[in-house]
Amino acid sequence: MSGQVGNLSNKQAATLVEFRENIKDILQERPKYDDDHYLLRWLRARNFDLKKSETMIRNNIAWRKANGVDTILKDFEPPEVMKKYFCGSLCGEDKEGSLVFLDLFGLTDMKGILMSLRKQDVIRSRIWLLEVIYQKFEEKTKELGKRIDQVVVIFDLDKFGVKNLWKPGVDVFTEIISICESNYPETLKKAFVVNAPRIFPVAYSIVKPFLSEETHRKVTICGSNYKDVLLEYIEPDQLPKHWGGTMVDPDGNPRCPSMIIQGGPVPKEYFGKNSLSDLTGFTQASIGRGSSLQLDFRIEKSGSAIRWQFKTDGFDIGFGVFCRTSDHRQKVKNMDAIIPSQRVNSHMIPEYGIVHCKHPGTYVVRFDNTFSWMRTKKLFYSIEVLESKALDLDSASEAVLNERDNNSSTSDNGSNQDEVWTTFTSDENVDSSGNVRNGEGKTNEHKSCSDGDMKGSDSTHSACSQNGSDSYCADKSQ
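Being a predicted model, the structure only gives us computed values, none of them experimental. (Residues numbered from 1 in each chain as written. Predicted model: local features only at pLDDT ≥ 70, side-chain atom pairs only at ≥ 80, totals over all residues. Heavy atoms only, no water.)

A. Spotlight on the overall build of the protein chain. Regarding its fold elements, the protein chain presents 13 helices and 17 strands. Taking all 478 residues of the protein chain together, the buried fraction comes to 49%. Accessible surface for the protein chain amounts to roughly 23500 Å². Of this, 48% is attributable to carbon and sulfur atoms. (Helix = DSSP H or I, 4+ residues; strand = E, 2+ residues; numbered from the N terminus. Buried < 20%, exposed > 50% of the residue type's maximum accessible area, 1.4 Å probe, protein only. Areas by Shrake-Rupley, 256 points an atom, 1.4 Å probe, with all protein chains shown as cover.)

B. Molecular detail of the nonpolar core. Counting residues in each nonpolar core, the largest one holds 34 residues, and the members touching the most others are V122, I127 and Y184. Where this core is concerned, the elements lending two or more residues are α6 (80–85), β2 (99–103), α7 (110–114), α8 (119–144), β3 (151–156), α9 (167–183) and β4 (188–194). With 8 residues, α8 is the single largest residue contributor to this core. In contact with V122, other than residues within four places in its own chain, are M82, F86, I113, L114, L117 and V172. Counting 23 residues, the second largest nonpolar core, distinct from the first, contains L295, I306, V321 and V385. (Core = buried A, V, L, I, M, F, W, Y, C linked by side-chain atoms within 4.5 Å. Contact = heavy atoms within 4.5 Å.)

C. Representation of the sheet that holds strand β5 (residues 219–221) within the structure. The strand order across the open sheet formed by 5 strands is β1-β2-β3-β4-β5, and the pairing between neighbours is mixed. Edge strands, defined here as strands with exactly one partner in the open sheet, are β1 (89–93) and β5. On average, each strand axis in the sheet is tilted by 20 degrees relative to the strand beside it, whichever way the strands run. Judged from the 5 bridges that link them, β2 and β3 form a sheet pairing that is parallel. Its bridge partner being in β3, V100 is matched across the sheet by V152. Each of β3 and β4 is contacted by helix α12 (residues 226–233), which is oriented at about 165 degrees to β4, the strand it contacts most. (Pairing = 2+ DSSP bridges. Axes fitted to C-alpha atoms, helices over the stretch in contact; angles between N-to-C directions.)

D. Structural context of the pairing of β4. With respect to burial, β4 is a largely interior element, 6 of its 7 residues being buried. Bridge count for β3 against β4 is 6 bridges, and the pairing is parallel. Its bridge partner lying in β4, I154 is registered against F192. Once the chain exits β3 it traverses α9 before rejoining the sheet at β4, and the crossover so formed is right-handed. Both β4 and β5 contribute to a ladder of 3 bridges, which runs parallel. When the bridges of β5 are listed, V193 appears paired with I221. (Right-handed = clockwise from strand over helix to strand, strands pointing away.)

E. The arrangement of the side chain of T362 in detail. Examined against the element boundaries, T362 turns out to sit in strand β12 (residues 361–368). Of the polar contacts made by the side chain of T362, one reaches the side chain of R298; its length is 3.3 Å. When sequence neighbours within four positions are dropped, the list of residues in contact with T362 reads D296, F297, R298, F322, C323 and R324. (Polar contact = N/O pair within 3.5 Å; in protein donor to acceptor, adjacent residues only side chain to side chain.)

F. Looking closely at the state of the cysteines. Enumeration according to the criterion identifies 0 disulfides in this entry. Take C357: it sits in no disulfide, and the sulfur closest to it among the cysteines is that of C323, at 7.8 Å. (Disulfide = S-S within 2.5 Å.)

Below, the structure written as structure tokens:
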């Protein structure tokens, strides 16, 4: 049996009933999810393994909350360079009403895009697109009077070459695939690969480990007759003429660039728009190979926030934010992950961000170089603790993030009485020159983002780096 609504075995039907009962807390919180079509997605994705399906959907809910996915269509707009140069556009529907997505992957300049945007902005833009597609599903379902919840994808690999195997670009692509597999299961109906070059088997071998077996079975590699193959599934008026259909732009262009992003080289004027040229007030640190740097921030008031900016020279670095679950020294794996550690291309585009601290405690900002056993990484960072004075934290967050391009601080030493946030550090662990003392009484160069009075604060900050001493917070085993 297919595991679809109306085509369930007795065992599958019983599993669906038990699955609904096991996640009734989720369905009470999100009544929209209490739908057989939706729930069966998760069961099919895990071959009707009840425990694995429940784990998968609970992980998805946690992921959506952590990344603000429920409101991303309201809160986020993809950057201009993504709209113009990152290929992938809806173009019509197949003969059964499923959406058709055309991706000119060979024309996507991933290096140019990652020279223009943070990796997180690229990934968030694709999550935004997935949410748009799911919104289209709902619209089509109402329009056609039947369930529409899958998409047919056409990957055109014309012009695909070694340049497309650039590792940072491949890493982004595989991360997007992982997000799709983990959080949008059974969305793919069919995938067609056209104009595949000789190097394609190498590329596919990189991607395949990130695909579920079911997704892999849905992929068809087409030959030179791919237009005939596509027309078996898609009506001609739903496909651009260049790919075998009859659709053309108003000016007669068969590639339909008004609808389909054509990609191409990203102009250099987009490069480094968010670059940090003024590093005044930034701390410089060197993180040895196989090592990490951890910065502890003691938060006494819930509703406070931690804001950061950083860049590296030459190579990427891992970054994450954690909260200690004990007052004693802990390994990262035993802390609560507020922002799980991931490698970021901060050597290409500076990283910035803000996280709200929902509860008092010790929060750890961690720069991770444990994956590199050959290179020391040079880091420049500026981190602030912000204490909320207002109830509207989201508005405050938006306000401070809007300042990032000016590399400005939210504090002006108290002269602005309408300031939403107060920046503060503590004189604990800071010497008379403003340097952070480490566990041996030595100092690391440190510059606070706010040079105002550091006394009487509600938060403390200390720097911890690996040097083999037990008094440090980081070690190789982390």
